[in-house]
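These are the residues of each chain, in order.
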Amino acid sequence: MIATVNATSATIVLVGAVFLAAAVEMVEALTIVLAVGHTRGWRSAFEGVGVALVALAALVAVLGPALVEVPLSTLRLIVGIVLLIFGLQWLRKAVLRSSGYKAKHDEDAIYRETVASLALTGERPGRDGVAFVVAFKGVFLEGLEIVIAVLTLGTSAHRLGLAAAVAGVAVVLVGIVGVIVAKQLSNVPENAMKMAVGIMLVSYGTFWTGEGLKVRWPGDDVMLLGLVVIYALAAAVIVRILVSTSSTAKAVNS
Amino acid sequence: MSAQDTSGDRPLIWRLLSGFGRFWWDFLVGDTPEITVAVIVIVGVVALLRDVAHVNALAYVTLVVLSVVTLALSAARARRKA
C-alpha cells in the first residue's frame, strides 16, 4: 500500500513535470516555425524542422544508452544537481515575471519580432537559407530542452519510456492545437505553466540531489509532493514580498 | 570580417565542441552564476552533514532551506539590477 502511494506520487510529479516542460518548449518552437513559414514559405521551414528532428534523434541515440550505463546513485546526484540549477533558474524567472520585474513571455511579441527580422532580410527564390536556419535553431534548441528533461527525469526515475511517451503526447497536442488555430498560441497560459514547471523541476532536483547524497527522505517518494507544496508556497511568498517592496518603493518615489 | 572573428577558420569538430560547451555554459550558468555557485555549496554542505556529521534530518532540511534562500536571494539580486 505504502509502496503504491510512493510510486503514484513519483509518477504524478514525473508526468506533470515532463508534460508541462515539453508543452511550454513546443509552444516556443511552434511560434518560431509558424513565423518562418508564414513569412518566408513553408518548404525551407519544414526542411529546418526535419533536420533539427534528425539531429535531436541522433543526440538521443548517443546520450540515452550512455546514461543508462551510469550507476544509479551517481546518475541521480548529477541529474539532481542539473535539475536543481535549471529549476531554480526557471523558477526565478517565473517569480520575477509574476512580481512584475520581468516582462511576461508573450508569444504575440515573439511572433511579431521574428516576422519583422525575417522580413528585413528580403525574400529568396527556391531554397531559403535564412528560413532554414531560423526554423532549425528554434526547433533544435527548444527540442534540446525537452530531450534533457525527458532523459534526466526519465532515467533517474527508471521511467524513461513513460517520460518519452508523455513528452510525445504534449508535443503532438500542442502541435495539433497550433495547426488548428494556425496562429501564435498566445492563449496558452504559458507563464502559469512555466511557474508550475519551475516548481516541479526544483522539487525533482532537490529530491534526486538528496537521494544521490544518500539522504533518507521522510515518506520516501511521497516527499516529492511535499517538496512541490513547499516550493510553491516559497515562490508565492517571494512574489508577495517582491510585489510589496515594489509598491513601497513606488509610494516613496511618488 | 573582423580581425577577431576567426571562427570560420577553425576545424568543424572544434566549432561543434565549442558550440556544445557554450550551450552547457549558458544552460547551467548563463546570467545567474550565483545559483550555480550556491547549488555547489549546498551539495557540499549537505554531503558533510550526511557523511561526516551523520545527521540525516538536518541534511534534508538544510538542502530545502538553502535552496529556498538561494531562490530568494537570486530574485532579490535581479530586483536590485532592474
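Residues numbered from 1 in each chain as written. Chains lettered and ligands numbered in written order. Predicted model: local features only at pLDDT ≥ 70, side-chain atom pairs only at ≥ 80, totals over all residues.

## Comments concerning the overall build of chain A
Then, in step 1: Helix and strand counts for chain A stand at 8 helices and 0 strands.
Then, in step 2: Reading chain A from its N end, one meets helices and strands in the order α-α-α-α-α-α-α-α.
Then, in step 3: Put simply, of all contacts in chain A between residues at least 6 apart along the chain, 88% involve residues at least 24 apart. (Helix = DSSP H or I, 4+ residues; strand = E, 2+ residues; numbered from the N terminus. Contact = placed C-beta atoms within 7 Å.)

## Some thoughts on the overall build of chain B
Then, in step 1: A count of helices and strands for chain B gives 3 helices and 0 strands.
Then, in step 2: Counting helices and strands in the order they occur from the N terminus, chain B gives α-α-α.
Then, in step 3: Relative to the 2.2 N^0.38 estimate, which gives 12 Å for 82 residues, the radius of gyration of chain B is 19 Å and therefore markedly larger than a compact globule would have.
Then, in step 4: Considered along the principal axes of its C-alpha atoms, chain B spans approximately 60 × 35 × 15 Å.
Then, in step 5: Across the 82 residues of chain B, 22% fall into the buried class. (Rg over C-alpha atoms; globule rule 2.2 N^0.38 Å. Buried ≥ 20, exposed ≤ 12 C-beta atoms within 10 Å, placed from the backbone.)

## With respect to the domain arrangement of chain B
Then, in step 1: Once the domains are mapped, chain B shows domain 1 (1–30) and domain 2 (31–82).
Then, in step 2: The centre of domain 1 of chain B, based on its C-alpha atoms, is set 31 Å off from the matching centre of domain 2 of chain B. (Domains from an automatic or database assignment.)

## Focus on unusual backbone geometry
Across the chain, the bulk of peptide bonds are trans and the bulk of non-glycine residues have phi less than zero.
Residues and elements named next belong to chain A.
Then, in step 1: Residue Lys214 is not a glycine yet carries a positive backbone phi of 70°.
Then, in step 2: Among the secondary structure elements, Lys214 is positioned in the loop between α7 (190–212) and α8 (223–253).
Then, in step 3: A count of 13 C-beta atoms within 10 Å places Lys214 in the partly exposed class.
Then, in step 4: A positive phi angle, close to 55°, is found at Asp220, a residue other than glycine.
Then, in step 5: With respect to the element layout, Asp220 can be found in the loop between α7 and α8.

## Let's talk about the interface of chain A and chain B
Then, in step 1: The interface of chain A with chain B comprises 25 residues on the first partner and 25 residues on the second.
Then, in step 2: Elements represented by at least two residues in the side of chain A that touches chain B include exactly α3 (72–98), α7 and α8 of chain A.
Then, in step 3: Here the side of chain A that touches chain B gets 10 residues from one element, more than from any other, and that element is α3 of chain A.
Then, in step 4: Class assignment for the residues of the side of chain A that touches chain B results in 18 nonpolar, 4 polar and 3 charged. (Nonpolar A, V, L, I, M, F, W, Y, C, P; charged D, E, K, R; others polar.)

## Notes on α7 of chain A
Residues and elements named next belong to chain A.
Then, in step 1: Compared with an ideal rise of 1.5 Å per residue, which puts 23 residues at 33 Å, α7 spans 32 Å between its outermost C-alpha atoms and is within 8% of the ideal.
Then, in step 2: Judged by how many residues are buried, α7 sits mostly within the fold: 20 of 23 residues are covered.
Then, in step 3: Phi for Lys214, located one or two positions after α7, is positive at around 70°. (Expected span 1.5 Å × (residues − 1).)

## Some points on the nonpolar core
Residues and elements named next belong to chain A.
Then, in step 1: Formed by 93 residues in total, the largest nonpolar core has its most connected members in Ala17, Val18, Ala22, Val33 and Ala135.
Then, in step 2: Counting residues per element, this core draws most heavily on helix α1 (residues 2–40), which supplies 20 residues.
Then, in step 3: Contacts of Val18, omitting those with residues within four sequence positions, involve Ala149, Val150, Leu153, Ala163, Val166 and Ala167. (Core = buried A, V, L, I, M, F, W, Y, C linked by C-beta atoms within 7 Å.)

## Observations concerning helix α3 (residues 56–81) of chain B
Then, in step 1: An ideal rise of 1.5 Å per residue puts 38 Å on 26 residues; α3 of chain B measures up with 38 Å between its terminal C-alpha atoms.
Then, in step 2: For α3 of chain B, the full list of buried residues reads Ala59, Tyr60, Leu63, Val64, Ser67, Thr70, Leu71, Ser74, Ala75 and Ala78 of chain B.

## Observations concerning the environment of Thr155 of chain A
Then, in step 1: Mapped onto the elements, Thr155 of chain A comes out in helix α5 (residues 129–156).
Then, in step 2: Counting along the chain gives 76 residues from Thr155 of chain A to Val79 of chain A, while the straight-line C-alpha distance between them is 9.1 Å.

## Here's the deal with the packing of helix α2 (residues 33–51) of chain B against α3 of chain B
To describe two helices that pack against each other, one gives the angle between their axes and the distance between the axes.
Residue and element names in this part refer to chain B.
Then, in step 1: One way to put it is that α2 packs onto α3 with a least axis distance of 9 Å and a crossing angle of 165°. Relative to α3, α2 is oriented roughly antiparallel. For the pair α2 and α3, the crossing hand works out as right-handed. Together, Glu34, Ile35, Ala38, Ile42, Val45, Val46, Leu49 and Arg50 of α2 and Asn56, Leu58, Ala59, Thr62, Leu63, Leu66, Ser67, Thr70, Ser74 and Arg77 of α3 make up the contact between the two elements.
Then, in step 2: Considered class by class, the residues forming the contact of α2 with α3 number 10 nonpolar, 5 polar and 3 charged. (Axes fitted to C-alpha atoms, helices over the stretch in contact; angles between N-to-C directions. Parallel < 35°, antiparallel > 145°, perpendicular 65-115°, else oblique. Left-handed = near helix turned anticlockwise from the far one by under 90°.)

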